[in-house]
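Each chain is listed here by its residues.
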Amino acid sequence: MKQFIILLFLANYWIFNAFAQSQTKDSLFHTLKHSHDSLKGKIYAKLAWEYRFTNPDSTILFVQKGLEYKNNSDTKVSLYKTLGIAYTIKTNYPKAIELFKKSLKISQETNNLKAQAHSETNIGVVYYYQGDYATCQDYYFKALITLEKLGDARGITTCLQNIGSVYVKLSKYDKALNYYQEALRKHDEYQGTPNDRATIIQNIAMIYADNELDSALIYYEQAEKIFIETKNYRNLGGTNTNQGKLYIRLKKHKKAMEYFRAAVKYQQKIGNNKGELNTLSAISQLYMDIEKYDSALFYSQKAHTKAKSLKTQRKLFEVNQRLVQVYEQLGNYRLALQYQKENEILQDSLYGLDMQKHISELEAKYHTQKKEQEIQLLNKDILIKQQKNQAQTLYIVLLISILVALAVFVFFLLNRIRYKRKLLLQRQQLHEKEKNEQALLVKQSQLEQEKEAAERKRKETENLKLKQEIEYKNRELLSMTMNMSDKNKALNEVLQHLKESPEISIKKIQSVINDNLNLDADWEKLQLHFNEVHPHFFETLRELHPKITSLELKHCAYLKIDLSIKEIARLLNISPKSVQMAHYRLKKKMQLAPDLTLSNYLHSLKN
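Residues numbered from 1 in each chain as written. Predicted model: local features only at pLDDT ≥ 70, side-chain atom pairs only at ≥ 80, totals over all residues. Heavy atoms only, no water.

Undergrad: Looking at this model, I keep getting lost on the packing of aromatic side chains. Mind explaining?
TA: One pair of aromatic rings is described through two measures. These are the centre distance and the angle between the planes. Overall, the coordinates contain 14 aromatic pairs when judged by the stated rule. Between the aromatic rings of tyrosine 287 and tyrosine 299, the centroid separation amounts to 5.8 Å while the plane-to-plane angle is 15°, which identifies the pairing as stacked. Of this pair, tyrosine 287 sits in helix α15 (residues 273-289) while tyrosine 299 sits in helix α16 (residues 293-310), and the two are twelve residues apart along the sequence. Each member of the pair tyrosine 287 and tyrosine 299 is classed as buried. Arranged with centres 5.9 Å apart and planes meeting at 10°, the rings of tyrosine 327 and tyrosine 339 form a pair that is stacked. Taken together, the residues tyrosine 327 in helix α17 (residues 313-329) and tyrosine 339 in helix α18 (residues 333-389) connect sequence positions twelve residues apart. Its relative accessible area of 6% is what places tyrosine 327 among the buried residues. Clustering of aromatic rings is evident, with ring pairs tying together Tyr93, Tyr128, Tyr129 and Tyr133. (Phe/Tyr/Trp six-rings, centres within 6.5 Å; stacked < 30°, edge-to-face > 60°. Helix = DSSP H or I, 4+ residues; strand = E, 2+ residues; numbered from the N terminus. Buried < 20%, exposed > 50% of the residue type's maximum accessible area, 1.4 Å probe, protein only.)

Undergrad: Any chance you could explain the pattern of salt bridges here in plain terms?
TA: According to the stated counting rule, one finds 14 salt bridges in the structure shown. A salt bridge links aspartate 57 to lysine 90; the nearest nitrogen and oxygen atoms lie 2.8 Å apart. Of the two residues, aspartate 57 is situated in helix α4 (residues 56-66) and lysine 90 in the loop between α5 (73-89) and α6 (93-109); the sequence distance between them amounts to 33 residues. Residue classification places lysine 90 among the partly exposed residues on the basis of a relative accessible area of 38%. Via salt bridges that share partners, Glu182, Arg185, Lys186 and Glu189 belong to a single interconnected network. (Salt bridge = Lys/Arg side-chain N within 4 Å of Asp/Glu carboxyl O.)

Undergrad: Please explain the confidence of the model for the protein as it appears in this structure.
TA: Any region with low pLDDT has predicted coordinates that should not be read closely. The predicted model of the protein averages 79 in pLDDT, with 77% of residues at 70 or higher. Taken as a whole, residues 1-23 scores under 50 in pLDDT and shows 75 contacts with residues more than four places along the chain or in a different chain. (pLDDT = per-residue confidence, 0-100. Contact = heavy atoms within 4.5 Å.)

Undergrad: Explain the state of the cysteines to me, please; I cannot follow it from the model alone.
TA: Chemically, a disulfide is nothing more than a covalent bond linking the sulfur atoms of two cysteines. For the structure shown, the criterion picks out zero disulfides. Here cysteine 159 stays free of any disulfide, with the sulfur of cysteine 136 as its closest cysteine sulfur at 9.4 Å. On the basis of relative accessible area, cysteine 159 is assigned to the buried category, the value being 0%. (Disulfide = S-S within 2.5 Å.)

Undergrad: I keep staring at helix α8 (residues 133-150) and nothing clicks. Help me out?
TA: One turn of an α-helix holds 3.6 residues; hence residues three or four places apart share an orientation. Spanning 18 residues, α8 covers 25 Å between terminal C-alpha atoms, matching the ideal 26 Å at 1.5 Å per step. When we look at burial in α8, the residues that qualify are Tyr133, Ala134, Thr135, Cys136, Gln137, Tyr139, Tyr140, Ala143, Leu144, Thr146 and Leu147. Positioned one or two residues after α8, glycine 151 has a phi angle of 75°, which is positive. (Expected span 1.5 Å × (residues − 1).)

Next comes the structure, spelled out in structure tokens:
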């Protein structure tokens, strides 16, 4: 099931009040220049906050500068908190947890319950991203207790949703639904914002989307109506995409396409590239389902381009799989194979991520199940002890207190040992992962080099073969041309003798001439061989110069095979000067530049 929310960091209303009326960046920079050192840390904290999502590196720089000044506890909490957000966005999760725990420690020391709840939630979010759902849930429940102390209804509502999202990951959908419904009840009780209500409704819709499609659509429509009224285009795009997917399952493809197109419009409006990628992928799947493979190819290629630009390996793998299917259906097995090979490279890295995530989820399910059993046993044990305690003395009560204190001490001791072991294991796993990734990169590099060398060798062989064929054809063409020239020369000599010696038999001479002086037939043979070497040459000339004559085409052909003026004159039985004049008129007819020779122009034309 696709999860719609973790309300990242609950940040927009728990950060100290100055952020609620966030000043513009320019105004903050101006204030920074003219402020006293005692205020600069706070201003740097505000600047860091402004850049937390758009430029995490700038956020890190501003926090580091802010920490150089002497700050009060609230400012320190804000600096560490904002820095933790930046490192979370950069997926440096261990660093993010370290910073959030610093923020948590300061909050606890100063009894700042709002900041404490915020830090506990942030730590839970990071563990959620790492797939450590058991630890994530521990921190969410801690945050819930802190929020209940504060009486913060909105915070409690959000925390209930986050706990529900963990149960979704653990495939405990009934419990997830209970927490979402409790969040909705709490929201309506304190009359929260429409957008918050729509978000909860959408989460409930996702629970129903597995089996009760009609109920899911009803909840989605309620959320969509609110998002339209509040112009919340980001959530609206996601809602429309989910609605489209449900209509595909209901075989209502036309209705699904309406929602997908609306989703793309909203996503493009706000530049939500990841959302648009998901929608484009869903559209391509729709066209595959209805066997419109050309349309499926178009949207798959768009999704592939966007996945490449966003560097989202998992989504790229999904889109590539669809491209393989589309090209197979279209009969283009070469491109199908190309995308299949690309996926084989992606599969290795995704396999490691999936295995790590799967292991984390199994561990989380195990720990959750174990905790639930412990709670049940503990409740049963407490009930028995309560019945016995009615008849026991103060001595037993004191003894139990001592035992409980000892158990707590042992628990914390064991927990500390387990934490150290877990940290060591994570470091070892990280080191092993880095080694595997480096080995994979070396292997990929070697394969690419071998592939490039083989491709280069194949092209060189093909080029050499092609060159040899062209040289052979050119030699054959020149040989034929010279034979024509020699034959014409011999026949012209016979005609000359005829003029000089009238007593020779006229019929005999005419017979020789008729048998051999057939220039048109020879030209057709020459033209046939010429087209084998230079295909489309005559066709290109006629397209560029429609008024060119057959005789001018002959001149062009002879120049293309590098015959000299004298050789062309002998072949056409005219004087070299006549050949030059013909070439001059042809160049003028073609409107060539004065500094461009006719021969160079003809050689520049593609065959």
